[in-house]
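What the coordinates show
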Amino acid sequence: MRCPYCGSFDDKVTESRQMANGESIRRRRECLSCGHRFTSYERIEEKPFMVVKRDKRRQPFEIRKIAKGIERALEKRPVSADLVDQIVSEIEDEAYTAGKQNREIATSELGEIILKRLHSVDKVAYIRFASVYRHFTSIEEFITEVNKISRESEAAQEPEADRTPSA
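What counts and what doesn't
- Residues numbered from 1 in each chain as written.
- Predicted model: local features only at pLDDT ≥ 70, side-chain atom pairs only at ≥ 80, totals over all residues.
- Heavy atoms only, no water.
- Axes fitted to C-alpha atoms, helices over the stretch in contact; angles between N-to-C directions.
- Helix = DSSP H or I, 4+ residues; strand = E, 2+ residues; numbered from the N terminus.
- Left-handed = near helix turned anticlockwise from the far one by under 90°.
- Contact = heavy atoms within 4.5 Å.
- Nonpolar A, V, L, I, M, F, W, Y, C, P; charged D, E, K, R; others polar.
- Salt bridge = Lys/Arg side-chain N within 4 Å of Asp/Glu carboxyl O.
- Buried < 20%, exposed > 50% of the residue type's maximum accessible area, 1.4 Å probe, protein only.
- Core = buried A, V, L, I, M, F, W, Y, C linked by side-chain atoms within 4.5 Å.

Bringing the packing of helix H2 (residues 81–98) against helix H3 (residues 107–121) into the picture now. Relative to each other, H2 and H3 sit at 145°, their axes nearing to 10 Å. Relative to H3, the crossing made by H2 is right-handed. Residue-level inspection shows Leu83, Ile87, Glu90, Ile91, Glu94, Ala95 and Ala98 of H2 in contact with H3, the latter providing Glu109, Leu110, Ile113, Ile114, Lys116, Arg117 and Val121. Taken together, the residues of the contact of H2 with H3 sort by class into 9 nonpolar, no polar and 5 charged.

As enumerated under the stated definition, the model contains 14 salt bridges in all. Taking the shortest distance from any N to any O, the salt bridge between Glu94 and Lys116 comes out at 2.9 Å. With Glu94 in helix H2 and Lys116 in helix H3, this residue pair connects regions lying 22 residues apart in the sequence. The exposure class assigned to Glu94 is partly exposed, which follows from its relative accessible area of 23%. According to the relative accessible area criterion, Lys116 is partly exposed, its value standing at 48%.

With that out of the way, let us pick up the nonpolar core. Core analysis: the largest hydrophobic core is formed by 28 residues, its most contacted members being Ile70, Leu74, Ile91, Leu110, Ile114 and Leu118. Among the elements of the structure, helix H1 (63–73), H2, H3 and helix H4 (123–133) are those that each provide at least two residues to this core. If you tally residues by element for this core, the top one is H4, at 6 residues. In this structure, Leu118 is in contact with Ile70, Ala73, Leu74, Lys123, Ala125, Tyr126 and Phe129, ignoring residues within four places of it in sequence.

Shown next as structure tokens:
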């Protein structure tokens, strides 16, 4: 370690202490050339979690971007801020789990995770997000998606006896 006072590379560690969070070690050092004492910190450097875009570019995973998209989709909807935070946290956990092997996730997979979560929370937010994510270009695409959600809702509301085939 280079001494910040004289620039010498000769030093000795006088004390090492693990920081409270356990993510770093604090070391007190003494320069053997000039006697100046200084502190250094040692941390694990992890490979960043990446998102693979459609054009194969890779960018660092930024949960803030996802949160912003979800907040936009849920704007003026009856969903609490706590629930939004919970949704974002669940999406982040699921994304890290899905991309754990090689520390990356495709935007297509990430988008589907988000859509699945929004679908279970708010159908309007789901449509809003889907229209941007899936690049809806016509009113027919909106109608198709809304009809699909309507059919799912109707099927979920049918009594159990009505759904069993008759003999």
